[in-house]
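One letter stands for each residue in the lines below.
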Amino acid sequence: MLGLTLAAALVATSAGAQTIKDGYEFKKPKAVIAPDDLDVGVSGASSPASQQGKVVLGFEGISQYDVASVGRNFIPPDTMGAVGKTQYMEFVNGGVAVFDKATGARTSFQSDLAFWGGAGQVGANGDSRVMYNADADRWIALSFGGNAKDIQIGVSTTSDALGPWQSTKFEGYAGLGFGATADYPTLALDNNAVYIGTNNFAPSSAGGVNSFRGTTLDVIPLGSLFSAGAPTTTGLVKFETPYNSSSSSNDFTRGYAIQGVNSSDTSSTGNIVAVSLSDFAISRYDVLNAGTAGATRTASVDVGGTYDFNNPGRQPSALNPRVIDTGDDRIGSSVWEVNGRIYTLHTVTEVGTDHTVIRYDVIDAATNAVLDEGNIGAAGYDFYYGSLAVNKFGVVVMGYNRSGSSAVDGKISFLTRTFSTDASGHLIQLGDELLLKESVSGDYHNGSLDGQAAAGRQRWGDYSSVSLDPEDASVFWAIGQFAREPNNAANGHPGGTGGTRWGTWIAAIDIGGATGAPEPGTWA
């Protein structure tokens, strides 16, 4: 069973010690145990008809009702997915599904325990990531192991997400020998290596409270995981950056929620981004000789403008008007490098305001100059849990959640925007914002009773994901979360008395002629 979410004690405790930026937390999801949670829900509606010229396919992915039906009911879902040659594959906390990308039909659903068992591992603890490696024509996924100090990696033997899969496992963080967690594992690939970042937590004594202990960046040679045989971690180089709350010699420059930068460009490798531990900025550095035993890290620099702590998000509920957890400023989604430019985004609050926005940055990979920085936001709304992907022409699709108060159309919605990149690295929006899915309920309060005040933190996300179709550079696939109906008899769930449940939504966005974007030759 997954443990309860724990707040991390992240401030220095002795005189003269360095102080870490307050607010970072242990993100392990919460298990929900209630008799009515085993009810299976109905499928969602199709995508809005008004968007059919641009959204070419929209369908519901895994819901909380699905994972509850196999005894794996967790908050939040940690929504994650990717598109392959013929399939879309989704991971959430508790479940794994495969869909036919031509029709959206679900061809497989199983618990995460069953998936990892089939790949050769025992147990799973969520925080999954999945990507499709178009160069290798194979899938790669990772998750906590049965022991949350371990990271397990699965690799498909072919381009078929239905398997078979093989796997390997390594210790992400040893801690002090008990209760350690290699939390919030990230995943990125370039032509030389696979990059996995973790935030490390452990108690100081057996049974104690988990505290932040630092970060790790694991760099594994690409060939070790995508070999002809079973994947291995041969050649893994581990960069561990410890944190001690009573020490004055901590290295804050390596950042938090470390993300390797994805790239298929043979000249680009070892780019790393994170958010600063000590101030409000993005940390940038490189891993030199990535994928070899001689890998080293360059010095880190802070880039990007400053911002402030995030507040809970609004929704149009008189009872629970501002309970949605918008997360902190970590870079939670994949980061991409195309044509020497790094594209990244995260959730921030502008100084002097009280609403969250999606902040994007375009960074010169060679000089670390910020070529463009901007916000996706609007008065009366909160924007959070964004993600992006970029094609070879520099066209970017960003997906994100938006919600607002009763004064606006504030139900939690999942949306996308499309941008082109001009010669100077600035982003130019193409067409209108696309509504992919609006929540069924305007009062999301998961784990508490319908019609009552929200109980506990209302975790949202922690991710969304955008991936580029390997068969068509003009088609992007986005997945995000929405709020399903309350789990009660009135909504087709006999015996249920709980509040709303989470669902996930998957959509294919064609950014060709439907958006008025130029043809690929013009982009080039």
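The paragraphs below set out a description of the structure included in this document. (Residues numbered from 1 in each chain as written. Predicted model: local features only at pLDDT ≥ 70, side-chain atom pairs only at ≥ 80, totals over all residues. Heavy atoms only, no water.)

**Describing the sheet that holds strand S12 (residues 150-156)**
Neighbouring strands of a sheet are bound in pairs by backbone hydrogen bonds; such pairs are parallel or else antiparallel. Read from one edge of the open sheet, four strands run S10-S11-S12-S13, paired in antiparallel fashion. Of all the strands in the sheet, just strand S10 (129-133) and strand S13 (165-171) have a single pairing partner and so form its edges. On average, each strand axis in the sheet is tilted by 20° relative to the strand beside it, whichever way the strands run. Pairing of S10 with strand S11 (residues 138-144) involves five bridges; the strand directions are antiparallel. Opposite Tyr132, over in S11, you have Trp139 as the bridge partner. This element, helix H2 (residues 112-119), spans S11, S12 and S13 of the sheet and lies at about 95° to S13. (Pairing = 2+ DSSP bridges. Helix = DSSP H or I, 4+ residues; strand = E, 2+ residues; numbered from the N terminus. Axes fitted to C-alpha atoms, helices over the stretch in contact; angles between N-to-C directions. Contact = heavy atoms within 4.5 Å.)

**Details of the pattern of salt bridges**
Scanning the model with the defined rule gives 20 salt bridges in all. The salt bridge involving Asp251 is made with Arg254; its shortest N-O contact spans 3.8 Å. With a shortest N-O distance of 3.0 Å, Glu485 and Arg484 are connected by a salt bridge. According to the relative accessible area criterion, Glu485 is buried, its value standing at 8%. You can call Arg484 buried: its relative accessible area is 3%. (Salt bridge = Lys/Arg side-chain N within 4 Å of Asp/Glu carboxyl O. Buried < 20%, exposed > 50% of the residue type's maximum accessible area, 1.4 Å probe, protein only.)

**Focus: H2**
Residues lying three or four places apart along an α-helix face the same way, a consequence of the helix completing one turn every 3.6 residues. Buried residues of H2: Asp112, Phe115, Trp116 and Ala119, and no others. Viewed along the axis of H2, the buried residues span an arc of 90°, placing them on a single side of the element. Looking at the packing, one finds that the buried side of H2 touches strand S7 (87-92), strand S8 (95-100), strand S9 (106-111), S11, S12 and S13. Of the residues trailing H2, Gly120 is marked for its positive phi of about 110°. (Arc of directions from axis to C-beta.)

**A short note on unusual backbone geometry**
The amide bond that connects Ile75 to the next residue, Pro76, takes the cis arrangement and shows omega of -10°. Turning to its location among the elements, Pro76 is positioned in the loop between strand S5 (74-75) and strand S6 (80-83). Omega for the bond connecting Gly461 with Asp462 falls within 30 degrees of zero, at 0°, which places this linkage in the cis form. Counting through the fold element by element, Asp462 comes out in the loop between strand S33 (458-459) and strand S34 (465-468).

**Describing the side chain of Asn125**
Position of Asn125 relative to the elements: it lies in the loop between H2 and S10. Under the relative-accessibility criterion, Asn125 is labelled buried at 7%.

**Some words on the nonpolar core**
Among the nonpolar cores identified, the biggest contains 42 residues, and Met89, Val130, Trp139 and Tyr256 are the most heavily contacted of them. Ranked by size, the runner-up nonpolar core spans 22 residues in total, among them Tyr384, Ile412, Val475 and Ile479. (Core = buried A, V, L, I, M, F, W, Y, C linked by side-chain atoms within 4.5 Å.)

**Points about the layout of surface pockets**
Roughly 880 Å³ of internal volume is contained in the largest pocket. In this structure, the largest pocket is lined by 37 residues; those nearest its centre are Tyr132, Ala134, Ser264, Trp336 and Leu468. For the lining of the largest pocket, the elements supplying multiple residues, two or more each, are S6, S10, strand S25 (335-338), strand S29 (381-390) and S34. Here the lining of the largest pocket takes five residues from S10, the largest share from any one element. A breakdown of the residues in the lining of the largest pocket according to their chemical character gives 19 nonpolar, 11 polar and seven charged. (1 Å grid on protein atoms, 1.4 Å probe; cavity = no way out; pocket = protein on both sides within 12 Å on 5 of 7 lines; lining within 4 Å. Points joined across faces, edges and corners; volume = space filled by probe spheres on them. Nonpolar A, V, L, I, M, F, W, Y, C, P; charged D, E, K, R; others polar.)

**Focus on the packing of aromatic side chains**
One pass over the full model with this rule turns up 19 aromatic pairs. Ring centres 5.0 Å apart and planes at 65° place the aromatic pair Tyr132 and Trp139 in the edge-to-face group. Here the two residues Tyr132 and Trp139 agree in accessibility, since each one is buried. When the centroid spacing of 6.2 Å and the interplanar angle of 80° are considered together, the rings of Phe482 and Trp505 count as edge-to-face. Of this pair, Phe482 sits in strand S35 (residues 475-488) while Trp505 is found in strand S36 (residues 497-510), placing the two residues 23 residues apart along the sequence. As far as burial versus exposure is concerned, Phe482 and Trp505 are alike and both buried. (Phe/Tyr/Trp six-rings, centres within 6.5 Å; stacked < 30°, edge-to-face > 60°.)

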